[in-house]
Each structure stands twice: as structure tokens, then as C-alpha cells.
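Structural description and commentary
Residues per chain are reported as follows:
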Amino acid sequence: MNKLFKKGDFILTVLVLIICVALIFLPKLSSKKLIATIYVDGTVVETIKLDEVEKPYTFSPHYNVEVEVQKGKIRFSKSDCPDKLCVKSGWLETSGATTACLPQEVVISVTGEKSDFDIMTY
Amino acid sequence: MKKKSSSKKIATLGILSAQALVLSVLESFIPALPYLPPGTKPGLSNIVTMFAAAEIGLPSALTITFIKSLFALITRGFTAFCMSLAGGVLSTLIMWALFRIKSRPFGLAGIGMLSAIGHNLGQVLMASVITSTTSIISVLPFLAIFSIITGFLTGTILKILLPVLNKIKNI
């Protein structure tokens, strides 16, 4: 009664693959200029044009979190959260790349220059 | 169908929950994978939850899910608790609903895949709520592709382990 594979599984897999690949590559086709947006608790606190960054620098958008910015990329460099998943995410350097430090409620999101549908306005 | 005494039910659930917990602890040693959010795991403990959703019932499956979340609360904190609960509940509900469709269009692999995607969806939504932004949703396509593989894996292992798990159920 509990079969492993059925016809529906195959169709489902193909469907999911197509949708996901489309979702991943569609935004990248639109533009190359990268902008990093940093949210703290839902509010935009910083917008950085990553291509215009000359010298690498770090700053702290929120108490216990440090963000490092270089030309074309950005990352969490330090955090006081227990998991440190945000720091482990590494460099964000492509459009659509996003990472968050949930306990501190800080989100870094990289987007292409053409504004995308990911950001919600209140 | 024999009616099980409630202490036997509790014992069975206990064994299954313990299995789920051990699997999730073992998985926590897997390092972060590229292009995926760190903390992404194969979800082996869902083998147990899927079994419960299929063969025992929704309340039991949800209990196992809740125990996993409580474990996350104790070992990793409140944020982890919310994330585990969000992903787990959605995933379990999807599993149970799919098992209830009489025509069974999907096999174990497909159900594993859909519940894995459900798990990721629940967690991404919870992360959006916690951070009050929606941009984190952009990781979903990557997670979903990974879910195809992990869902298949979970379904396959469940298929292999069915006789063993049934023995536990019929104690």
C-alpha cells in the first residue's frame, strides 16, 4: 500500500524543478548592479550600492551584530547570537542572496538595481 | 483491530519521539552547505513523523513534532523553538493530508518531497514574521530543490524501515 514511487511523483519533481530554476534565474537576468539592503526589525536602516564600494569596511547596524562590506559583497562578520547561522552564511554576492540573524532581527538582502517584488512596504 | 491500552500508546509514542530526537541530534553535526541557509538538514527525523502520520494518526504525529520543538527550545532557545514548530506543524499537516487522499497520487518519495517543501515554507514564513521582512523568502527556490532530494531520501528510508517501525507500532 505504501509505494515509494508513483506517476505523480515524477510529474511533481519536474514541476518543482522548473518552477524553482525559473524563480532563481529570472531576477538575475534583469540587472547586474547589486544593492544591499539591511533591515532591523522590519525597517530599512541602510542601503549600500555594493559596486560603488572602494575600501572594505565594517559597521554595526544593530547592537550585537557586525556587518562587513567589500566591493560587490557583504556579510555578517560578527554576531552575539547563540547559533551564529548568520555569520556562517558567508558572503552575499549575488542578486537574491539573503541572510538573517533571527534573534537580533537583522536581515541583509542583496538585490539587482531594478527594484524587485521581495520588499514589502507598509 | 485490537484496541491499544493508553500506556502502550504512550510507550510507542515515546519510542518514536526518541528516535526522532536522536536523528535530529545526529543531523546537527552536518556542516553548512553552500548556497543554502546554514542549518539546512536532510530532515531524517521526518521519517518517524511520516510513519506516525501514515500509520498512527495526526495527534500522534503532531505530538512527535511538538516534542522535537520542545527539544529545540531547551537546547537552542526560543527562536529555534518557533522555527521548529512552524516548519514541523506545516510539514506534518501536509503529510497527513496527503496520506488521507484515497487515490494516493503520490508515493512515499513524493509525500516526503512535499512535506520537506512544506517544512521549509513554514520556517521561511516564520523567519519573515520574526524579522518583519519578506526578503528572506528568496531562499525558497534553493531550499525547494534541496527538498526534492531530501524528500526522496526520507521516503526511501521510510520504505526500507517500514517493517521495523510497524513492529514498534504493534507492540
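In short, a report on the structure. Because the structure is a prediction, the values reported are computed rather than measured.

Here we look at the overall build of chain B
Along the backbone of chain B there are six helices and zero strands. A compact globule built from 171 residues should have a C-alpha radius of gyration of about 16 Å, and chain B, at 16 Å, falls within 12% of that. Taken over the C-alpha atoms alone, chain B extends approximately 50 × 35 × 25 Å along its principal axes. Out of the 171 residues belonging to chain B, those deemed buried represent 51%. For chain B, the proportion of contacts with a sequence separation of at least 24, taken over those separated by at least 6, is 67%. Total accessible area computed for chain B in this model is approximately 8100 Å², and 74% of it derives from carbon and sulfur atoms.

Thoughts on the overall build of chain A
Looking only at helices and strands, chain A features two helices and seven strands. Taken from N to C terminus, the helices and strands of chain A fall in the order α-β-β-β-β-β-α-β-β. Split into buried and exposed, the 122 residues of chain A put 42% on the buried side. Taking contacts inside chain A between residues at least 6 apart in sequence as the whole, the part at least 24 apart equals 33%. Total accessible area on chain A is roughly 7300 Å²; 61% of this is exposed by carbon and sulfur atoms.

Here's the deal with the packing of aromatic side chains
Tallied over the full model, the rule gives four aromatic pairs over all chains. Centroid distance Phe78(B) to Phe81(B): 6.2 Å. Interplanar angle 35°. Geometry classified as tilted. Residue Phe78(B) and its partner Phe81(B) are located together in helix H4 (residues 78–100), separated by three residues, close to a single helical turn. Classification of Phe78(B) as exposed rests on a relative accessible area of 59%. Three or more aromatic residues link up through ring pairs in this structure, and these residues are Phe66(B), Phe78(B) and Phe81(B). Stacked on the ring of Trp91(A), the Lys or Arg Lys73(A) has its end atom at 4.7 Å from the ring centre.

Remarks on the environment of Asp83(A)
Along the chain, the position of Asp83(A) falls in the loop between strand E5 (73–79) and helix H2 (85–88). For Asp83(A), a relative accessible area of 33% gives the class partly exposed. In the structure, Asp83(A) is positioned 18 residues away from Cys101(A) in sequence and 9.0 Å away in space, judged by C-alpha atoms. Sequence-distant contacts of Asp83(A), that is, excluding residues within four places in its chain, are made with Lys88(A) and Arg76(B).

What counts, and at which threshold
- Residues numbered from 1 in each chain as written.
- Chains lettered and ligands numbered in written order.
- Predicted model: local features only at pLDDT ≥ 70, side-chain atom pairs only at ≥ 80, totals over all residues.
- Heavy atoms only, no water.
- Helix = DSSP H or I, 4+ residues; strand = E, 2+ residues; numbered from the N terminus.
- Rg over C-alpha atoms; globule rule 2.2 N^0.38 Å.
- Buried < 20%, exposed > 50% of the residue type's maximum accessible area, 1.4 Å probe, protein only.
- Contact = heavy atoms within 4.5 Å.
- Areas by Shrake-Rupley, 256 points an atom, 1.4 Å probe, with all protein chains shown as cover.
- Phe/Tyr/Trp six-rings, centres within 6.5 Å; stacked < 30°, edge-to-face > 60°.
- Lys NZ or Arg CZ within 6 Å of the ring centre and 35° of its normal.

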